[in-house]
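# Architecture at a glance
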Amino acid sequence: MEGQAFFRVEYFSEWEGHGCVATRALANYTLLHTEEPFLRGPEISRALELHEDGTLKSQLDDTAFMREECGKAQEDIDELWILHDQYADREQRLYGIIRSNSFENEEMAYQKRLYLKTSRFNHSCTPNVGYDFDGWKIRLYTLRGISKGDTLCISYVDEVLYYFPRDRRRLYLRAALNFDCACPTCAMEDAEQVGRSDEKRKRLKQIAIELKHRGVGSALYSNDFCMQANQAIDNLAKSTGVPMSDKPPQSGSLEHLRERARQRRLTKSIPVGQHDIDLLKEYISILEEEKIDFDMLPIFKLAQQISSRSGVECNPSTSHWSEVHRGLHFVAKGGAPSQE
Ligand SMILES: C[S@@+](CC[C@H](N)C(=O)[O-])C[C@H]1O[C@@H](n2cnc3c(N)ncnc32)[C@H](O)[C@@H]1O
């Protein structure tokens, strides 16, 4: 594992468990950590399948099997068994550890992977650390300048969750990952502050949808994620008796098909231009107001797309802009760490 000098794992408290803290100041887009998975793909599917039946333990629950048959190092196995288990009420420990800590690469669905060190990063709805995958390897990088001693958090879910109001974000994380989010944005207590934040996030969603309907900006909005999140919230609400409105159109329903047809018509007929640039600028300024350290790379690519389709120069001024250029460089180079 590389990059350990940039952060350390600390024990915070009984209810927060462990988390990661920066050991030095770090510039935006610094490559923080890379790691190969301890368990991957088929190993995880096998462990989960056996566990889902509710009774059987996987062979992988057996340390000797993991060491002798799977060739895992004893010190790594020891590290595995002390990872957090949010499902500790179940007997099958590996099941809980995988459910609490594993990642899935969206481009290679069902290719789950479990990383030992990365598992200690907590979630925040305004994360300061982003990640991507290079094959099986995960790469974690800062999303803004970090001070020594700052807590480092990633987002466990699609960034589209930013568009949800605070209460729905919390419900979704409870439904999907079985914990009550205590990140600073979710823990806000002042109702007016929460209301203002929710309004801004609603506007972010409107802009993302409008850009998508206009045939640009699809990277900013995932209909599938919203459907899946709303469904999970709905199921949780049903099982706990909390009334929920605001249902999304069912996938495949007439309403859904009409919406898609409308989007296609719009995409064909609307010229891309200044209006898209204005929407993008408004989007970026709300991200900055809300202190959402959104990964700017998709926005940068979107700006390029608008420019090339409209011929109008699209260079929304943002304090992040120079870092975005560096970020592209970082991605193109496969992640050289910056040392500032
Ligand atoms: C991948 S682990 C992260 C590291 C973990 N805190 C530990 O002690 O090893 C995920 C678990 O951390 C806790 N956690 C992470 N982010 C959280 C957040 N924003 N609010 C509350 N709990 C969180 C939850 O218990 C969750 O199941």
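Residues numbered from 1 in each chain as written. Predicted model: local features only at pLDDT ≥ 70, side-chain atom pairs only at ≥ 80, totals over all residues. Heavy atoms only, no water.

We now examine the overall build of the protein chain. Helices and strands together make up the secondary structure of the protein chain, namely 11 helices and 10 strands. Once local pairs closer than 6 in sequence are excluded, the contacts in the protein chain between residues at least 24 apart make up 66%. With an accessible surface of roughly 17,300 Å², the protein chain has 48% of that area assigned to carbon and sulfur atoms. (Helix = DSSP H or I, 4+ residues; strand = E, 2+ residues; numbered from the N terminus. Contact = heavy atoms within 4.5 Å. Areas by Shrake-Rupley, 256 points an atom, 1.4 Å probe, with all protein chains shown as cover.)

Taken together, 18 residues are adjacent to the ligand, and His18, Gln86, Arg120, Asn122 and His123 come closest. Interatomic distance of 2.5 Å between a side-chain N/O atom of Arg120 and an oxygen atom of the ligand. Relative to its unbound accessible surface of 560 Å², the ligand loses 92% to contact with the protein. With respect to the detected pockets, the ligand is housed in the second largest pocket. Of the residues in the shell around the ligand, the class split is six nonpolar, nine polar and three charged. (Near = heavy atom within 4 Å. Polar contact = N/O pair within 3.5 Å; in protein donor to acceptor, adjacent residues only side chain to side chain. 1 Å grid on protein atoms, 1.4 Å probe; cavity = no way out; pocket = protein on both sides within 12 Å on 5 of 7 lines; lining within 4 Å. Sits in = over half its atoms within 2 Å of the grid points. Nonpolar A, V, L, I, M, F, W, Y, C, P; charged D, E, K, R; others polar.)

Attention now goes to the packing of aromatic side chains. Evaluated as defined, the whole model comprises 11 aromatic pairs. Summarising the aromatic geometry, the rings of Phe103 and Tyr131 are spaced 5.2 Å apart at their centres and angled 85° between planes, so their arrangement reads as edge-to-face. Of this pair, Phe103 sits in strand 5 (residues 103–104) while Tyr131 sits in strand 8 (residues 129–134); the two residues are 28 residues apart in sequence, bridging distant segments of the chain. Note on Tyr131: relative accessible area 25%, which makes it partly exposed. On the basis of an interplanar angle of 85° and a centroid distance of 6.0 Å, the ring pair of Tyr156 and Phe179 is categorised as edge-to-face. Linking Tyr156 in the loop between strand 10 (151–154) and helix 5 (166–177) with Phe179 in the loop between helix 5 and helix 6 (191–213), this pair joins segments that are 23 residues apart in sequence. (Phe/Tyr/Trp six-rings, centres within 6.5 Å; stacked < 30°, edge-to-face > 60°. Buried < 20%, exposed > 50% of the residue type's maximum accessible area, 1.4 Å probe, protein only.)

If you trace the backbone, Asp132 turns up in strand 8. We classify Asp132 as buried; its relative accessible area is 19%. Ignoring any residue separated from it by four or fewer positions in sequence, one finds Asp132 in contact with Lys137, Ile138, Arg139 and Tyr141.

With that settled, the discussion passes to unusual backbone geometry. Outside of glycine, negative phi angles account for most residues, and trans bonds account for most peptide bonds. Positive phi values are uncommon outside glycine, yet Tyr29 reaches one of about 60°. Along the chain, Tyr29 turns up in the loop between strand 2 (17–22) and strand 3 (31–35).

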